[in-house]
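Remarks on the overall topology
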Amino acid sequence: MTQAPITQDVLTIPRAAAAGLPNLVGLTRAQMAGALAEFTPPKQVKMRVNQVWQWLYHWGVRDFDAMTNLAKGYRAELAARFVIALPEVMTRQVSADGTRKYLIRIAGGHEVETVYIPEEGRGTLCISSQVGCTLTCSFCHTGTQKLVRNLTAAEIVGQVMLARDDLGEWPEPGVGTGEAGPRLLSNIVLMGMGEPLYNFENVRDGMKIVMDNEGIALGRRRITLSTSGVVPEIARTAEEIGCLLAVSFHATTDAVRDVLVPINKRWNIETLLDALREYPKATNSERITFEYVMLDGVNDTDADAHRLVGLLDGIPAKVNLIPFNEWPGAPYKRSSNNRIRAFATILMQAGYASPIRTPRGEDIMAACGQLKSETERARKSRREIAAEAGL
Ligand code: SAH
Ligand code: SF4
């Protein structure tokens, strides 16, 4: 079989030079109202927020002059006071399987990766929440990159907007509604670089914008946030974001999880499971996804599968088995297909859906756990950063 070629192109999309003006992208409705209130009559603020909001997030407009239901003078006022700025797409690689990986440059010259995975009748965007990660999971490529900084809400929602640009998915102004047919970008997973719950406020604000019905309007059930197990933020995730939850579980004993997911030393398996049991949205229709990376000879025995079944007792859960994706220098090997299937069978016999995640975009290093950008943090040590993150 001949494989479709991998393509890579360098995109140079001109963006509004920041010019020191505040960015409208990434503001919550309340923040935007505050910003517009400085020059808008109080009675009109709510209406103006609605109008600008729809232009930005429903129509995908980037130019104040295109906001045709606003008076010319008001548009000029907006242009003098604000910018509409997105991060920049530096390169886009397209895998033989259609997966697209974007290298995105954010303020300060740092870079993160965003991955679009097309599927039958839908498509998932995997977005990053931090440049690098403070955590050091031993099987994760991102974990070898020191944390540089948290992404802002604008940079988080910006990844969704850039992907919609590339997919041509904004409705044509004044013509389409954008709701014809299935969406190309129908789901979001916070499973890119970084630990989203160590950047809670910005992730929350970015996702609120994405969910807002007068904009991109992706329902909360179409968003899945994956955490390595930042226990104190789990209840807040349910209350303040309301999206689906996935947990990087990966081991069935504290001894093994301490090595694979070192945050386990802070919040162990029992503490994590207690928090998940309380996750208010954890009903049968909104099960928690337990991600479990299959590492040859490390966490993949029948005994592990049986122990996992025992641990999940009482939690509406499904298990997502992830064949380990290798990266240069990785200290693990992927479990064999037979081993993964045997593991899945034990879970299924115990009543747990346990799909095996098909690796996507491996040829462009876009698969789970392969993301890493060249950006390295300059001064602080990992210990200092960990202290700042409350670790
Ligand atoms: N920091 C969050 C979000 C990243 S999600 C978290 O850890 O949950 C990325 C998922 O891919 C996590 O479940 C992670 O454990 C998993 N992963 C990391 N490296 C991987 C690798 N090399 N192969 C397969 N999965 C990996
Ligand atoms: Fe960070 Fe998640 Fe990778 Fe762990 S698996 S190092 S938490 S990105």
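Residues numbered from 1 in each chain as written. Chains lettered and ligands numbered in written order. Predicted model: local features only at pLDDT ≥ 70, side-chain atom pairs only at ≥ 80, totals over all residues. Heavy atoms only, no water.

1. Here we look at the overall build of the protein chain
- Scanning the protein chain for helices and strands turns up 11 helices and 12 strands.
- In the protein chain, of all internal contacts separated by at least 6 residues, the share reaching a separation of at least 24 is 69%.
- With the model as given, the accessible surface of the protein chain reaches about 17,000 Å², and the carbon-plus-sulfur share is 52%. (Helix = DSSP H or I, 4+ residues; strand = E, 2+ residues; numbered from the N terminus. Contact = heavy atoms within 4.5 Å. Areas by Shrake-Rupley, 256 points an atom, 1.4 Å probe, with all protein chains shown as cover.)

2. Concerning the nonpolar core
- Counting residues in each nonpolar core, the largest one holds 115 residues, and the members touching the most others are Leu-78, Phe-139, Met-207, Leu-276 and Phe-290.
- By residue number, the principal contributor to this core is helix 4 (residues 153-167), which donates 8 residues.
- Counting the residues that make up this core, at least three belong to each of domain 1 (29-81) and domain 2 (88-383).
- What Met-207 contacts, discounting residues up to four positions off in sequence, is Ile-127, Ile-156, Ile-188, Leu-190, Ile-223 and Ile-241. (Core = buried A, V, L, I, M, F, W, Y, C linked by side-chain atoms within 4.5 Å. Buried < 20%, exposed > 50% of the residue type's maximum accessible area, 1.4 Å probe, protein only. Domains from an automatic or database assignment.)

3. Digging into helix 8 (residues 269-278)
- Within the sequence span of helix 8, burial applies to Ile-269, Leu-272, Leu-273, Ala-275 and Leu-276. Buried residues of helix 8 fall within an arc of 160° about the axis and therefore sit on the same side. Exposed and oriented more than 90 degrees from the buried face of helix 8 are Glu-270 and Glu-278.
- The inward-facing, buried residues of helix 8 abut helix 6 (234-241), strand 10 (244-248), helix 7 (254-260), strand 11 (288-294) and helix 9 (302-312). (Arc of directions from axis to C-beta.)

4. Some thoughts on unusual backbone geometry
- Of note in the backbone geometry, Ala-217 takes a positive phi value of approximately 55° without being a glycine.
- For Ala-217, the location among the structural elements is in the loop between helix 5 (200-211) and strand 9 (223-227).
- With a phi angle near 70°, His-250 is a residue other than glycine that sits in the positive phi range.

5. Thoughts on the pattern of salt bridges
- Applying the stated criterion to the full structure yields 24 salt bridges.
- Close ionic contact of Arg-29 with Asp-212 constitutes a salt bridge, the shortest N to O distance being 2.7 Å. On the criterion of sequence distance, the pair formed by Arg-29 in helix 1 (residues 29-37) and Asp-212 in the loop between helix 5 and strand 9 is long-range, its members being 183 residues apart.
- For the salt bridge of Arg-339 with Asp-302, the shortest nitrogen-to-oxygen distance reads 2.8 Å. (Salt bridge = Lys/Arg side-chain N within 4 Å of Asp/Glu carboxyl O.)

6. Remarks on the packing of helix 4 against helix 5
- One way to put it is that helix 4 packs onto helix 5 with a least axis distance of 8 Å and a crossing angle of 40°. If you check the angle between helix 4 and helix 5, you find them oblique. Considering the relative orientation of helix 4 and helix 5, their crossing is right-handed. Here Ala-153, Ile-156, Val-157 and Val-160 of helix 4 come into contact with helix 5, specifically with Asn-202, Val-203, Asp-205, Gly-206, Met-207, Ile-209 and Val-210.
- Taken together, the residues that form the contact of helix 4 with helix 5 break down as 8 nonpolar, 2 polar and 1 charged. (Axes fitted to C-alpha atoms, helices over the stretch in contact; angles between N-to-C directions. Parallel < 35°, antiparallel > 145°, perpendicular 65-115°, else oblique. Left-handed = near helix turned anticlockwise from the far one by under 90°. Nonpolar A, V, L, I, M, F, W, Y, C, P; charged D, E, K, R; others polar.)

7. Quick notes on the side chain of Arg-204
- Counting through the fold element by element, Arg-204 comes out in helix 5.
- At a separation of 2.6 Å, a polar atom in the side chain of Arg-204 contacts the side chain of Glu-240.
- Ignoring any residue separated from it by four or fewer positions in sequence, one finds Arg-204 in contact with Arg-236, Glu-240 and Ile-241. (Polar contact = N/O pair within 3.5 Å; in protein donor to acceptor, adjacent residues only side chain to side chain.)

8. Here's the deal with the site of ligand 2
- Near ligand 2 the following residues occur: Cys-133, Leu-135, Cys-137, Cys-140, Gly-143, Gly-194 and Ser-228.
- When the residues that make up the shell around ligand 2 are grouped by side-chain class, the tally is 4 nonpolar, 3 polar and no charged. (Near = heavy atom within 4 Å.)

9. Re the pairing of strand 11
- Burial analysis of strand 11 places 7 of its 7 residues in the buried class, which makes it a mostly covered element.
- Here strand 11 shows a buried face lined by Ile-288, Phe-290, Tyr-292 and Met-294 and a second buried face lined by Thr-289, Glu-291 and Val-293.
- Pairing of strand 10 with strand 11 involves 3 bridges; the strand directions are parallel. Looking at strand 11, one finds that Val-247 is bridged to Phe-290.
- In this structure, strand 11 lies alongside strand 12 (residues 317-323), joined through 7 bridges in parallel fashion. By the bridge assignment for strand 12, Ile-288 is matched with Ala-317.
- As a crossover connection, the stretch from strand 11 through helix 9 into strand 12 is right-handed. (Pairing = 2+ DSSP bridges. Right-handed = clockwise from strand over helix to strand, strands pointing away.)

10. Considerations on the site of ligand 1
- Taken together, the neighbourhood of ligand 1 is formed by 22 residues, with Gly-194, Ser-226, Ser-248, His-250 and Asn-325 sitting nearest.
- At 2.6 Å from an oxygen atom of ligand 1 is found a side-chain nitrogen or oxygen belonging to His-250.
- Look at ligand 1: alone it shows 540 Å² of surface, and the protein chains cover 94% of it.
- Elements with a contribution of two residues or more to the shell around ligand 1: strand 9, strand 11 and strand 12.
- For the shell around ligand 1, the residue count by class is 11 nonpolar, 9 polar and 2 charged.

As far as function goes, none of this settles anything; it's purely spatial.
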